Amino acid sequence: MSMKLQGKTVFIADDDYDYLYQLRYQLEKWGLNVVSAESQREAETIITRLKPDLAILDLMMENDDSGFILSYKLKKLYPDVPVIIATAVSAETGMSFGLASDDDRKWIKADCYLEKGLRPEQLRLEIEKLIK
């Protein structure tokens, strides 16, 4: 059990209830506090009153770019909060949104971009890298 994650708060937004449930279960097992939203609109309300230690946002919710919009709004409020955008979108559309270029990084205000279905150990490594 990593002491680094103990008691930290992770905010997750995803409209896939099963994925949200699994992710919450995994994060809580690692000692993290989890606050979740099931839509972009709900998430926008929550972030006005919660500053998480890390956010994991689904890319496609009500809109194809919900995750990017949320990430942008979160970073405006809390520039130091790391954001992971998790998505199955490249599996669904063949598109890939890596953060390779500086232009991408400026527009997509996310620190990390992960495919859904990532092994828990990989997710954990990314979270530990990003959480201060």
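Conventions and cut-offs
Residues numbered from 1 in each chain as written. Predicted model: local features only at pLDDT ≥ 70, side-chain atom pairs only at ≥ 80, totals over all residues. Heavy atoms only, no water. Patch = residues over 30% accessible without salt bridge, like charges linked within 9 Å, V, L, I, M, F, W, Y side chains within 5 Å. Areas by Shrake-Rupley, 256 points an atom, 1.4 Å probe, with all protein chains shown as cover. Salt bridge = Lys/Arg side-chain N within 4 Å of Asp/Glu carboxyl O. Lys, Arg positive; Asp, Glu negative; His and termini not counted. Charge placed at Lys NZ, Arg CZ, Asp CG, Glu CD. Helix = DSSP H or I, 4+ residues; strand = E, 2+ residues; numbered from the N terminus. Phe/Tyr/Trp six-rings, centres within 6.5 Å; stacked < 30°, edge-to-face > 60°. Lys NZ or Arg CZ within 6 Å of the ring centre and 35° of its normal. Buried < 20%, exposed > 50% of the residue type's maximum accessible area, 1.4 Å probe, protein only. Axes fitted to C-alpha atoms, helices over the stretch in contact; angles between N-to-C directions. Parallel < 35°, antiparallel > 145°, perpendicular 65-115°, else oblique. Contact = heavy atoms within 4.5 Å. Nonpolar A, V, L, I, M, F, W, Y, C, P; charged D, E, K, R; others polar.

This brings us to a negative patch on the surface. Taken together, Asp15, Asp16, Asp18, Glu38, Glu42 and Glu62 make up a surface patch of like negative charges. Note on placement: Glu42 falls in helix H2 (residues 40-47).

Our focus in this paragraph is the packing of aromatic side chains. Under the criterion given, the structure shown has one aromatic pair. Positioned above the aromatic ring of Tyr19, the side-chain terminus of Lys116 is 4.5 Å from the ring centre.

Attention now moves to a nonpolar patch on the surface. A cluster of nonpolar side chains, namely Tyr17, Tyr21 and Tyr25, defines an oily patch on the protein surface of about 380 Å² accessible area. Structurally, Tyr25 can be placed in helix H1 (residues 17-29). Residue Tyr25 is classed as partly exposed on the basis of its relative accessible area of 48%.

This part is about the packing of H2 against helix H3 (residues 66-77). Interaxial distance between H2 and H3 falls to 10 Å at its minimum, and their mutual angle equals 5°. The pairing of H2 with H3 is recorded here as roughly parallel in orientation. Two secondary-structure elements touch here, H2 through Gln40, Ala43, Glu44 and Ile47 and H3 through Ser66, Ile69, Leu70, Lys73, Leu74 and Leu77. Partitioning the contact of H2 with H3 into residue classes produces six nonpolar, two polar and two charged.

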